[in-house]
Amino acid sequence: MLKAQQAFASEASHQLKTPLTGLRLRLENFEPYLDARAHPSLEEAVGEVERLGRMVQGPLALARLENTATTPEPVDMDTVLTDRVAIWEPLAAEQYVALDITGPPTGQVWAIPGALEQIIDNLLANALRVSPPGTSITLHRIPGTELHIVDQGPGMSAADRERVFDRFWRSSDSHHDGTGLGLPIVRHLVDASGGAVTLRPGPGTGLAARIRLRPVAAGPRAARAGGEDFGSRRSIGMGI
């Protein structure tokens, strides 16, 4: 039954991608022929189609992940972290949010190919979505064990933190148009890599996403939990 559900989600998502793209293009082609007063409604319609496209892409991505058998490999967390922050830095600067890497180098960890990049991307996207201008997102390394991604947003209640990894779940006070699949994808990738991910309150009002992966130096054994000290900050982002 589970395999049948996964196959249906994958097939349905794939089949819906093309008509949704066609619908968006047709709507955009209407723009030159519409009265200026109708443009706001057209923009809203295009926005809804784009949102549906993202919702369709989520189940397809999950189905592909679940149907792909991969083996964890050694990955240099420091290199991946620096590369991803460099990619996200311009978008963060547009929102007047700084990205800070803190803590000593982590070294190599076990992860399935491409997983660490997706994990960091999803968590940074979530953190940026809730970060007010003039704040920062801290990516704190604990050698050989953990990466903490901490924002200064409104945080999340304990009840919401218990459900946030459920597929398609969104908080009742959510102010964004996410699909509710970003964090389930993160958990799947972390689990497949032999690690663990949790969400806890950050300093102040923010949220701390904690990713624990197995250090390569420890072999196949699970990593021990890291400490809590966030240390001194070395800003590599836009200073606020």
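Up top is the structure these notes are about.
Remember, predicted model here, so these are calculated numbers, not experimental data. Along each chain, residues carry numbers from 1 onward, in the same order as the chain's sequence is written. Reporting of local features is limited, given that this is a predicted model, to residues whose pLDDT is at least 70; pairs of side-chain atoms are given and counted only at 80 or more, and all residues count toward the totals for whole chains, interfaces and linings. Side-chain numbers here rest on the full set of heavy atoms in the structure, without hydrogens or water.

**As for the pairing of strand β2 (residues 98-102)**
Step number 1: Relative accessibility under 20% of the residue-type maximum defines a buried residue, over 50% an exposed one, and the middle range a partly exposed one, all with a 1.4 Å probe and only protein chains included. Secondary structure elements are taken from DSSP: a helix is a run of H or I of four residues or more, a strand is a run of E of two residues or more, and numbering for both begins at the N terminus. Counted residue by residue, β2 has five buried out of five residues, so it is predominantly covered.
Step number 2: Of the two faces of β2, the one carrying Ala98, Asp100 and Thr102 and the one carrying Leu99 and Ile101 are both buried.
Step number 3: Two strands pair under a simple rule: DSSP has to find at least two bridges between them. In the sheet, β2 pairs with strand β4 (residues 136-142) via five bridges, with the strands oriented parallel. Each residue of the ladder has a partner; that of Asp100, found in β4, is Thr138.

**Considerations on the environment of Glu89**
Step number 1: Structurally, Glu89 is set in helix α3 (residues 77-94).
Step number 2: By relative accessible area, Glu89 is classed as partly exposed at 24%.
Step number 3: When the C-alpha positions of Glu89 and Asp100 are compared, they lie 9.9 Å apart, and in sequence the two are eleven residues distant.

**Here's the deal with helix α6 (residues 182-192)**
Step number 1: Of all the positions in α6, only Leu183, Pro184, Ile185, Val186, Leu189 and Val190 are classed as buried.
Step number 2: Trailing α6 by a residue or two, Gly194 shows a phi angle of about 85°, which is positive.

**So, α3**
Step number 1: Spanning 18 residues, α3 covers 26 Å between terminal C-alpha atoms, matching the ideal 26 Å at 1.5 Å per step.
Step number 2: In this analysis the local bend is the angle between axes fitted, respectively, to the seven residues ending at and the seven residues starting at the residue. Roughly 40° is the biggest bend found in α3, and it falls at Trp88, with proline Pro90 one to four residues downstream.
Step number 3: Every buried residue belonging to α3 is among Met77, Asp78, Val80, Leu81, Arg84, Val85, Trp88 and Ala92, and all of these are buried.
Step number 4: Pairs of residues are marked as contacts when any of their non-hydrogen atoms sit within 4.5 Å. Residues of α3 that are buried make contact with β1 (73-76), β2, β3 (108-111), α4 (115-130), β4 and β5 (146-150).
Step number 5: Measuring from the backbone nitrogen of Asp78 back to the side-chain oxygen at the start of α3 gives 3.1 Å, which picks out Asp76 as the cap.
Step number 6: Note on α3: the residue one or two positions beyond its end, Tyr96, has a positive phi of about 60°. By definition here, a helix of n residues has an expected span of 1.5 Å times n minus one. In the analysis that follows, any N or O atom pair within 3.5 Å is treated as a polar contact, provided that within protein one partner can donate a hydrogen and the other can accept it, and provided that, for residues neighboring in sequence, both atoms belong to side chains.

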